[in-house]
Amino acid sequence: MSPVRRSSARVVVVDASGRVLLLRGGDPKRPGPAVWHTPGGGIDPGETAEHAALRELAEETGLILQAPGPLVWTRRFQFSFDGVSYDQDEVFYFARVDSHEVDDSQHTPLERRYLSGHRWFSVADLEVFDELVAPPDLAEQLRFLLREGPPSTPLPVGP
């Protein structure tokens, strides 16, 4: 069976100390290592990427923003989750906040099944972190983003 095509939107949330917020998640149907990733998820039919990014950010972290910030990265990759294979296009927006205390009270039933934590990471933390991070080049891409600022056109990251 061919993978399901899917689009998703994510937010790279960075606090005043230059740390990025990542969520820990794993496939509920497949034991294995968890993956740390930025908040975000699937774009619903009729929904814009910007709206999906804001909706997912609020559901997963309790952070409510008026706009998702500039579009900075894109990624396409294949994965399986909850028994389904996906071929996914992702867009990543960049948001700066002073600080934020994560509130997971708005998690959907699915998010409650697969999300198991959150943490703020500095670039230095990511460079020595020994767990899976998505995208895999996040430390390098984040270092560039914080040094150079948002690009004029989104940069590919990944795989």
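Structural data are supplied above this passage.
Residues numbered from 1 in each chain as written. Predicted model: local features only at pLDDT ≥ 70, side-chain atom pairs only at ≥ 80, totals over all residues. Heavy atoms only, no water.

A.B. asks: For this particular structure, what's the right way to read the overall build of the protein?
C.D. replies: When helices and strands are counted, the protein shows four helices and nine strands. Ordered by position from the N terminus, the helices and strands of the protein form the series β-β-β-β-α-β-β-α-β-α-β-α-β. A compact globule built from 159 residues should have a C-alpha radius of gyration of about 15 Å, and the protein, at 15 Å, falls within 12% of that. With the principal axes as the frame, the protein shows a C-alpha extent of 45 × 30 × 30 Å. (Helix = DSSP H or I, 4+ residues; strand = E, 2+ residues; numbered from the N terminus. Rg over C-alpha atoms; globule rule 2.2 N^0.38 Å.)

A.B. asks: Looking at this model, I keep getting lost on helix α4 (residues 138–148). Mind explaining?
C.D. replies: Along an α-helix, residues three or four positions apart point the same way, because every turn accommodates 3.6 residues. Those residues of α4 lying buried are Leu138, Ala139, Gln141, Leu142 and Leu145. Axial view of α4: buried residues confined to an arc of 165°, hence all on one face. In α4, those exposed residues whose orientation departs by more than 90 degrees from the buried face are Glu140 and Arg147. (Buried < 20%, exposed > 50% of the residue type's maximum accessible area, 1.4 Å probe, protein only. Arc of directions from axis to C-beta.)

A.B. asks: Before we go on, may I ask you to explain the side chain of Asp15 in this structure?
C.D. replies: Residue position: Asp15 is located in the loop between β1 (4–14) and β2 (20–25). Here the side chain of Asp15 touches Ser17 through a polar contact of 2.9 Å, landing on its backbone nitrogen. In this structure, Asp15 is in contact with Arg96, Val97, Asp98, Ser99 and Trp120, ignoring residues within four places of it in sequence. (Polar contact = N/O pair within 3.5 Å; in protein donor to acceptor, adjacent residues only side chain to side chain. Contact = heavy atoms within 4.5 Å.)

A.B. asks: Please clarify how the pairing of strand β5 (residues 71–81) should be interpreted in this entry.
C.D. replies: A regular strand places its side chains so that they alternate between the two faces of the sheet. Here β5 runs beside strand β6 (residues 84–96); their pairing, made up of 10 bridges, is antiparallel. Looking at β6, one finds that Trp73 is bridged to Phe92. Linking β5 to β6, which pair antiparallel, is a turn of two residues; within it Asp82 sits at a positive phi near 55°. As paired elements, β5 and strand β9 (residues 155–156) share two bridges and run parallel to each other. By the bridge assignment for β9, Trp73 is matched with Leu155. (Pairing = 2+ DSSP bridges.)

A.B. asks: So what exactly am I meant to see when it comes to the environment of Val11 here?
C.D. replies: Structurally, the position occupied by Val11 is in strand β1. Through-space distance from the C-alpha of Val11 to that of Arg30 is 26 Å; in sequence the pair is 19 residues apart. Beyond its immediate stretch of four places on either side in the chain, Val11 contacts Thr38, Pro39, Ala53, Leu57, Pro68, Tyr93 and Ala95.

A.B. asks: How do you make sense of the pattern of salt bridges when you look at a structure like this?
C.D. replies: Any two side chains of opposite charge can pair, on the condition that their charged atoms come close. Taken as a whole and assessed by the stated rule, the structure comprises 16 salt bridges. Ionic pairing is found between Arg55 and Asp44, a salt bridge with its closest N-O pair at 3.5 Å. Residue Arg55 is located in helix α1 (residues 49–61), and its partner Asp44 is located in the loop between β4 (40–42) and α1; the two are separated by 11 residues in the primary sequence. Among the ionic pairs, Glu47 bridges to Arg55, the shortest N-O distance being 2.8 Å. Across this residue pair, the class does not change: Glu47 and Arg55 are buried. (Salt bridge = Lys/Arg side-chain N within 4 Å of Asp/Glu carboxyl O.)

A.B. asks: Is there a simple way to explain the environment of Ala52 in this structure?
C.D. replies: Take Ala52: it is sitting in helix α1. Judged by relative accessible area, Ala52 falls into the buried class, the value being 0%. The residues contacting Ala52, other than those within four sequence positions of it, are Ala9, Gly42, Ile43 and Glu47.

A.B. asks: Help me understand α1, please; the structure alone is not making it clear to me.
C.D. replies: Counted at 1.5 Å a residue, the expected span for α1 with its 13 residues is 18 Å, and the 18 Å between its end C-alpha atoms agrees. Among the 13 residues in α1, 10 count as buried, and that is most of the element. Among all positions in α1, only Ala49, Ala52, Ala53, Leu54, Arg55, Glu56, Leu57, Glu59, Glu60 and Thr61 are buried. Looking at the buried residues of α1, the elements they touch are β1, β2, β4, β6, α2 (109–114) and β7 (115–121). Positioned one or two residues after α1, Gly62 has a phi angle of 80°, which is positive. (Expected span 1.5 Å × (residues − 1).)

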